[in-house]
Amino acid sequence: MSEAVWNVLADKGFGGLTLRAVAAEMGVSTGMLMHYFPAKRALIAHALDLLEKRTAERPRRERPAEGLATVRAMLLDILPLTADDTARNRIWVSSWDLALADDGLATDQADRYTRMRSALRPHLEAARGLGELPAAADPEQLAATAVAFTHGLVVQALFDPGRFPGDLQIAMLDGFLASLARPQRSGAPR
C-alpha cells in the first residue's frame, strides 16, 4: 500500500493524491482502501509519514571533514541530482500547498526547516573556526541562507531541469559556498 501511495505522489504530487488514485495504482476498490484510510486526512498523514521516512533513509554522502566540506555534502544531499532525489523533492514541494493551508502541517514544516538549519550550524561554526569563513560570519544566519539558496535551486531545477542539470546545480552550489568564504566588506549588504 505504501508503495502505491509513493507512486501516486511521485507521479502526481499531493494535488493528485486521492483514495481513487491509490486504489487504481493498487488494483483494488476505493471501498477496500477506505478500511485503511477512512478520510483523505488519514491518507495525507500516511503520505507525509512515508515521505519523512524515505527522506530520512535515503543514501547520503560521506561527511568528508569538518567545515565547509561537510556543509557541501549535506547540501548536495538535498539537490535533485538523481531520479530518486528528484521524485522526493517533487513530493516535498507539492506538500507545501497543504502545509500553507493547515496550521499543524505548517508547524511541522517549520520544524523541519529548523532541524535542517540546526544540523548545518555546527559545521558552519567549525568552518569559521578553521578559517574557511570570515571570523565575523554568523553561523545561524549562514545556515538559513544556505537552506534558502539550496531550496531555491531545488525549485528551479524541478521546474526547468533542462536549464538546471545536475552538473550546473553542483557548480552553483560550489560558487555559493565559495562566496561565503569571502570576507564581507564593511557596510556591504549581507
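Note that the coordinates shown come from a computational prediction; the quantities given were computed from them, not determined experimentally. (Residues numbered from 1 in each chain as written. Predicted model: local features only at pLDDT ≥ 70, side-chain atom pairs only at ≥ 80, totals over all residues. Heavy atoms only, no water.)

**Details of the packing of helix α4 (residues 40–57) against helix α6 (residues 83–101)**
Orientation of α4 relative to α6, taken along the N-to-C sense of each, is 140 degrees, at an axis distance of 11 Å. One element, α4, and the other, α6, form an angle in the oblique class. Like other packed secondary-structure pairs, α4 and α6 cross with a definite hand, here left-handed. Contacts from I44, L48, L51, E52, R54 and T55 in α4 reach R88, I91, W92, S95 and L98 in α6. (Axes fitted to C-alpha atoms, helices over the stretch in contact; angles between N-to-C directions. Helix = DSSP H or I, 4+ residues; strand = E, 2+ residues; numbered from the N terminus. Parallel < 35°, antiparallel > 145°, perpendicular 65-115°, else oblique. Left-handed = near helix turned anticlockwise from the far one by under 90°. Contact = heavy atoms within 4.5 Å.)

**Notes on the UniProt feature "DNA-binding region" (unreviewed entry) in the protein chain**
In the numbering adopted here, UniProt assigns the feature "DNA-binding region" (unreviewed entry) to residues 18–37. Its end C-alpha atoms 10 Å apart, residues 18–37 is made of 60% helix and 0% strand. (UniProt positions renumbered as here; feature names shortened; annotations may be inferred.)

**Structural notes on α6**
Compared with the 27 Å implied by 1.5 Å per residue over 19 residues, the 29 Å span of α6 between its first and last C-alpha is a close match. Looking at the buried residues of α6, the elements they touch are α1 (2–12), α4, α7 (103–129) and α8 (139–159). (Expected span 1.5 Å × (residues − 1).)

**Topic: the domain arrangement of the protein chain**
Taken as a whole, the protein chain is organised into domain 1 (1–57) and domain 2 (63–190). Its C-alpha centre places domain 1 at a distance of 29 Å from the equivalent point of domain 2. In this assembly, 13 residues from domain 1 lie in contact with 12 residues from domain 2. Counting each side, the surface lost to burial between domain 1 and domain 2 is near 1100 Å², with a carbon and sulfur contribution of 67%. Looking only at domain 1, the three residues that lose the most surface to domain 2 are F14, L51 and E52, adding up to 38% of its buried area. For the pair domain 1 and domain 2, the number of links is three salt bridges. (Domains from an automatic or database assignment. Buried area = accessible area lost by both parts, 1.4 Å probe. Salt bridge = Lys/Arg side-chain N within 4 Å of Asp/Glu carboxyl O.)

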